[in-house]
Amino acid sequence: MQKKTQVHNLIILDESGSMASIQETTIQGFNEIVQTVKGIEKEHPDQEHFISFITFNGLGIKLNNFIDPVEKLQELNTSSYHPGASTPLFDAMGFGLNKLKQILAHQTNYHVLVTILTDGEENASREFSGKAIKKLVEELKMSGWTFTYIGTEHDVEKFAMKVSITNTMHFSKNDSDMKLMFDKEKSARKSYSEKIDRSEDTQEGYFEDSK
């Protein structure tokens, strides 16, 4: 029996204080992504999906899931997602990327999709610099990892390019625009798995290729 292709979904979600104004919409959109990921695995029986889910702010980095089967990914609520404090984005990325990198170092037949969602630029990291994150992202892209950056209230494309991420999407802090953003992300996620089945390149045009 042919071994299934592993698909690792790493989601890094900003939980800093400025996200408080869109807390409910973020929870709703994330919960829809949860259901999407679970549905994708059923639609693609040759793929085995895993979830690593990180939330972060100046109070700490929370590893909610790490290489868990998709059924273990729980929906968020106002108790489990409560924005506050600053935005140590580089530290959250460095922590999550390195942790997953170490586990996958000696494995083959896998794909990694990294999704970063934030409403502001880095302002509080102590362990990782932008230069270090850029180097790490470029190294992982050489191994086939796909990176996406979704943001608001800052120059999303400019910031993402600083860390070598080209798949970007900007949204405004209102319910209708955020709904469109999450809908596009879900569609792109489905297209990503379809590309894997067809052995197509998954790294570029992530959002542009969504239906």
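Residues numbered from 1 in each chain as written. Predicted model: local features only at pLDDT ≥ 70, side-chain atom pairs only at ≥ 80, totals over all residues. Heavy atoms only, no water.

1. What about the packing of helix α2 (residues 89-104) against helix α3 (residues 130-142)?
And step 1. For the pair α2 and α3, interaxial distance at closest approach is 10 Å and the crossing angle is 30°. When the axes of α2 and α3 are compared, the crossing they make is left-handed. Here Phe90, Met93, Gly94, Leu97, Asn98 and Lys101 of α2 lie close against α3, whose contacting residues are Gly130, Ile133, Leu136, Val137, Glu139 and Leu140.
And step 2. Of the residues contributing to the contact of α2 with α3, the split by class is seven nonpolar, three polar and two charged. (Axes fitted to C-alpha atoms, helices over the stretch in contact; angles between N-to-C directions. Helix = DSSP H or I, 4+ residues; strand = E, 2+ residues; numbered from the N terminus. Left-handed = near helix turned anticlockwise from the far one by under 90°. Contact = heavy atoms within 4.5 Å. Nonpolar A, V, L, I, M, F, W, Y, C, P; charged D, E, K, R; others polar.)

2. Focus: a nonpolar patch on the surface
And step 1. A surface patch of nonpolar side chains, about 210 Å² in accessible area, is lined by Ile61, Leu63 and Phe95.
And step 2. Tracing the chain through its elements places Phe95 in helix α2.
And step 3. Residue classification places Phe95 among the partly exposed positions, given a relative accessible area of 32%. (Patch = residues over 30% accessible without salt bridge, like charges linked within 9 Å, V, L, I, M, F, W, Y side chains within 5 Å. Areas by Shrake-Rupley, 256 points an atom, 1.4 Å probe, with all protein chains shown as cover. Salt bridge = Lys/Arg side-chain N within 4 Å of Asp/Glu carboxyl O. Buried < 20%, exposed > 50% of the residue type's maximum accessible area, 1.4 Å probe, protein only.)

3. Focus: the sheet that holds strand β1 (residues 5-14)
And step 1. Within the open sheet, the six strands sit side by side as β3-β2-β1-β4-β5-β6. Their pairing is mixed. Strands with a single pairing partner mark the edges of an open sheet, and in this sheet they are β3 (60-69) and β6 (167-170). Ignoring strand direction, the axes of neighbouring strands in this sheet form an average angle of 15°.
And step 2. Of the strand pairs in this sheet, strand β4 (residues 110-118) and strand β5 (residues 146-151) are connected by six bridges, and their pairing is parallel. If you follow Leu113 over to β5, its bridge partner there is Thr146.
And step 3. Helix α1 (residues 23-43) contacts β1 and β2 (47-57) of the sheet and is inclined by roughly 160° relative to β2. (Pairing = 2+ DSSP bridges.)

4. Some words on the nonpolar core
And step 1. Counting residues in hydrophobic clusters, the biggest one holds 29 residues, and the most contacted among them are Phe53 and Leu117.
And step 2. At the level of secondary structure, the elements contributing two or more residues to this core comprise β1, α1, β2, β4 and α5 (175-197).
And step 3. Here the element with the most residues in this core is α5; it accounts for six residues.
And step 4. Setting aside residues up to four positions removed in sequence, Phe53 forms contacts with Ile11, Leu13, Phe30, Lys62, Leu63, Asn64, Asn65, Leu73 and Leu76. (Core = buried A, V, L, I, M, F, W, Y, C linked by side-chain atoms within 4.5 Å.)

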